[in-house]
Amino acid sequence: AYSMERIGDLLYVGGSFTRVGVNQFANNVAAYNIKTQQWEMLNAGLDGTVRRIQKFNGLIYVGGEFSSGSGVELPQVAVWEKGRWHRPHIEKVSN
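Described in the following lines is the structure provided in the data block. (Residues numbered from 1 in each chain as written. Predicted model: local features only at pLDDT ≥ 70, side-chain atom pairs only at ≥ 80, totals over all residues. Heavy atoms only, no water.)

Overview of the sheet that holds strand β2 (residues 10-14)
Part 1: Spatially, four strands are ordered β1-β2-β5-β6 in an open sheet, and the strand pairing comes out antiparallel. Taken across any chain shown, the strands that pair with only one partner, and hence form the sheet edges, are β1 (3-7) and β6 (38-41). In this sheet, neighbouring strand axes are inclined to one another by 25 degrees on average, regardless of whether the strands run parallel or antiparallel.
Part 2: Relative to strand β5 (residues 29-33), β2 runs antiparallel, the two sharing five bridges. Bridge pairing links Tyr12 to Ala31 in β5. (Pairing = 2+ DSSP bridges. Helix = DSSP H or I, 4+ residues; strand = E, 2+ residues; numbered from the N terminus. Axes fitted to C-alpha atoms, helices over the stretch in contact; angles between N-to-C directions.)

Here it is, written out as structure tokens:
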């Protein structure tokens, strides 16, 4: 694993892998439930290496060498929100 981030009972793990636990399929990102001691899949994962996981405003942001997840183009940055991968919400800042 290249990166991990804990939120409550979930430990999010990112890297370059296709399986976690005992032969559970997971593409480069998954969450381990510390309470139940079970792996949780984050949809079909991401199509490339996850280098960084960071919690921000209650959401999980990931960065790395991937281009898509959940059927959405996600060039190198994605956010896990409401059970799907999304592009980050970027607000324009004016001076």
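So much for the structure itself; the text now carries on.
Observations concerning the pairing of β5
When a strand is regular, its side chains alternate between the sheet's two faces.
Part 1: Extensive coverage of β5 is indicated by the burial of four of its five residues.
Part 2: Here β5 runs beside β6; their pairing, made up of four bridges, is antiparallel. Across the sheet, Ala31 pairs through a bridge with Glu40, a residue of β6.
Part 3: Between β5 and β6, which pair antiparallel and follow one another directly, the connecting turn spans four residues, one of which, Gln37, has a positive phi of 60 degrees. (Buried < 20%, exposed > 50% of the residue type's maximum accessible area, 1.4 Å probe, protein only.)

Re the packing of aromatic side chains
Part 1: Taken as a whole, this structure holds three aromatic pairs when the rule is applied.
Part 2: Look at Phe56 and Tyr61: their rings are 6.2 Å apart centre to centre, the planes differ by 70 degrees, and that puts the pair in the edge-to-face class.
Part 3: Arg51 extends its terminal NZ or CZ atom over the ring of Tyr2, reaching a point 4.4 Å from the ring centre. (Phe/Tyr/Trp six-rings, centres within 6.5 Å; stacked < 30°, edge-to-face > 60°. Lys NZ or Arg CZ within 6 Å of the ring centre and 35° of its normal.)

Remarks on the nonpolar core
Part 1: Counting residues in each nonpolar core, the largest one holds 15 residues, and the members touching the most others are Tyr12, Leu42, Leu46, Val50, Val62, Phe66 and Trp85.
Part 2: Elements that contribute at least two residues to this core include exactly β2, β5, β7 (49-56), β8 (59-65) and β11 (77-81).
Part 3: Once you skip the residues sitting within four places of it in the chain, Val62 turns out to touch Leu46, Val50, Arg52, Ile53, Gln76, Val77, Ala78 and Trp85.
Part 4: One finds Val13, Phe17, Val20 and Ala30 within the second-largest nonpolar core, a separate group that totals five residues. (Core = buried A, V, L, I, M, F, W, Y, C linked by side-chain atoms within 4.5 Å. Contact = heavy atoms within 4.5 Å.)

Quick notes on the pattern of salt bridges
Part 1: Under the definition given, this model contains two salt bridges.
Part 2: When the shortest N-O distance is used, the salt bridge between Arg51 and Glu65 registers 2.9 Å. Of this pair, Arg51 sits in strand β7 while Glu65 sits in strand β8; the two residues are 14 residues apart in sequence, bridging distant segments of the chain.
Part 3: Residue Arg51 is classed as partly exposed on the basis of its relative accessible area of 37%. (Salt bridge = Lys/Arg side-chain N within 4 Å of Asp/Glu carboxyl O.)

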